[in-house]
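If you want the building blocks of each chain, they are given just below.
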Amino acid sequence: MKKRIELLCSLLFPVSSFADVGCDHGYCSEYMLSNGLCEDVIISDVSRGSLKKAETLLSRYVKEGKCRSNLGDGLRGIPKETELVLIAGMGGMEIVSILKEGFLPKNFVFQPMKNTKELRQFLLANGAGIERDFTFFDEKYYDVLCGTRKGDTIYSPLEYEFGRENLRERSADFLAFLAEKNKRDAALLKGELPAAAREEICARVRRREEVLRGCS
Ligand SMILES: C[S@@+](CC[C@H](N)C(=O)[O-])C[C@H]1O[C@@H](n2cnc3c(N)ncnc32)[C@H](O)[C@@H]1O
């Protein structure tokens, strides 16, 4: 199994009910069911073809009544009191729009593919708590956020941009991610750019350099 999926699974825990929104293959639901972490799992996807993959993988559990499938957009068809909701592999703005249309889950694991800052801002502006928030590497860099519907997390501007745990723990993956981003921006700065865009890129490179030097 890919490291990304293994890492997501390691963040899941025993619950009375679990929903895997945008489940596609259904590997994380399989982890919950095969390890006896939940006996009330919903696999959900907006695509019939994706859902079929998870239904096939989990047919044994569907027959046993431990897993049901839901063809739907976002949180449609997912009970608001589901104890743990996973949304992984979608853009951060797509996750925000799913939450706006639906609800903030009691407990969540979100793994946005981009726009993590906007997802952090939405979660904290809506009263959620963020308990884990870090970057990891599996052929490319990913962010993951875990938390609860209600919390008292307050982030600084740098924490919104980089994630609290990254700034505190300074993992090798996070520091390598910053260095890679700065390398890409340095290449951009060699080309022709409007003055405002150049200034914006320079400012974010400086912020990353400060974090890399441990000055944040
Ligand atoms: C890249 S796959 C990620 C699959 C799995 N969650 C993972 O992390 O490996 C994204 C899945 O989300 C589904 N999806 C995209 N937008 C969705 C939405 N608004 N509601 C439900 N599912 C959605 C897609 O059909 C696809 O199966």
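None of the values given here were measured: they were computed from a predicted structure.

Definitions and limits used
Residues numbered from 1 in each chain as written. Predicted model: local features only at pLDDT ≥ 70, side-chain atom pairs only at ≥ 80, totals over all residues. Heavy atoms only, no water. Near = heavy atom within 4 Å. Polar contact = N/O pair within 3.5 Å; in protein donor to acceptor, adjacent residues only side chain to side chain. Areas by Shrake-Rupley, 256 points an atom, 1.4 Å probe, with all protein chains shown as cover. 1 Å grid on protein atoms, 1.4 Å probe; cavity = no way out; pocket = protein on both sides within 12 Å on 5 of 7 lines; lining within 4 Å. Sits in = over half its atoms within 2 Å of the grid points. Helix = DSSP H or I, 4+ residues; strand = E, 2+ residues; numbered from the N terminus. Nonpolar A, V, L, I, M, F, W, Y, C, P; charged D, E, K, R; others polar. Points joined across faces, edges and corners; volume = space filled by probe spheres on them. Domains from an automatic or database assignment. Buried < 20%, exposed > 50% of the residue type's maximum accessible area, 1.4 Å probe, protein only. Lys, Arg positive; Asp, Glu negative; His and termini not counted. Salt bridge = Lys/Arg side-chain N within 4 Å of Asp/Glu carboxyl O. Contact = heavy atoms within 4.5 Å.

Peer 1: Let's hear about the site of the ligand: which residues, and what values?
Peer 2: Residues in contact with the ligand amount to 18 residues; listed here are only the nearest, R4, G22, D45, G74 and E94. Note that an oxygen atom of the ligand is positioned 2.8 Å from one of the side-chain N or O atoms of H25. Interatomic distance of 2.9 Å between a backbone N/O atom of A88 and a nitrogen atom of the ligand. When the free accessible area of the ligand is taken as 600 Å², the share hidden by the protein chains comes to 80%. A molecule is said to occupy a pocket when more than half its atoms come within 2 Å of that pocket's grid points, and by this definition the ligand occupies the second largest pocket. For the shell around the ligand, the elements supplying multiple residues, two or more each, are helix 1 (3–10), strand 4 (84–90) and helix 5 (92–101). Classifying every residue of the shell around the ligand gives 6 nonpolar, 7 polar and 5 charged.

Peer 1: Just give me the short version of the layout of surface pockets, but keep the residues and values in it.
Peer 2: Space inside the largest pocket adds up to approximately 890 Å³. Lining the largest pocket are 28 residues, and of these N115, D143, F177, K181 and R208 lie nearest its centre. Contributions of two or more residues to the lining of the largest pocket are made by helix 6 (116–125), strand 6 (129–138), strand 7 (140–148), helix 7 (157–162), helix 9 (172–189) and helix 10 (195–213). Element by element, the count of residues in the lining of the largest pocket is highest for helix 9, at 7 residues. In the lining of the largest pocket, the residues fall into 9 nonpolar, 4 polar and 15 charged. Here the lining of the largest pocket spans two domains, since at least three of its residues come from each of domain 1 (3–155) and domain 2 (174–213). What lines the second largest pocket is a set of 18 residues, among which G72, D73, G74, E94 and I98 lie closest to the centre. Mapped by element, the contributors of at least two residues to the lining of the second largest pocket are strand 2 (41–45), strand 4 and helix 5. Top element by residues in the lining of the second largest pocket is helix 5. It accounts for 4 residues. Classifying every residue of the lining of the second largest pocket by side-chain character gives 6 nonpolar, 6 polar and 6 charged.

Peer 1: Lay out the side chain of D20 in plain terms, naming residues and giving numbers.
Peer 2: Considering the arrangement of structural elements, one finds D20 in strand 1 (residues 18–21). Nearest to the buried, unbridged D20 among oppositely charged side chains is R4, at 9.0 Å. Here S29 takes part through its side chain, which lies 3.1 Å from a polar atom of the side chain of D20. In this view, D20 contacts G26, C28, S29, I42, I43, S44 and L86; residues no more than four positions away in its chain are not counted.

That is the geometry; function is a separate question.
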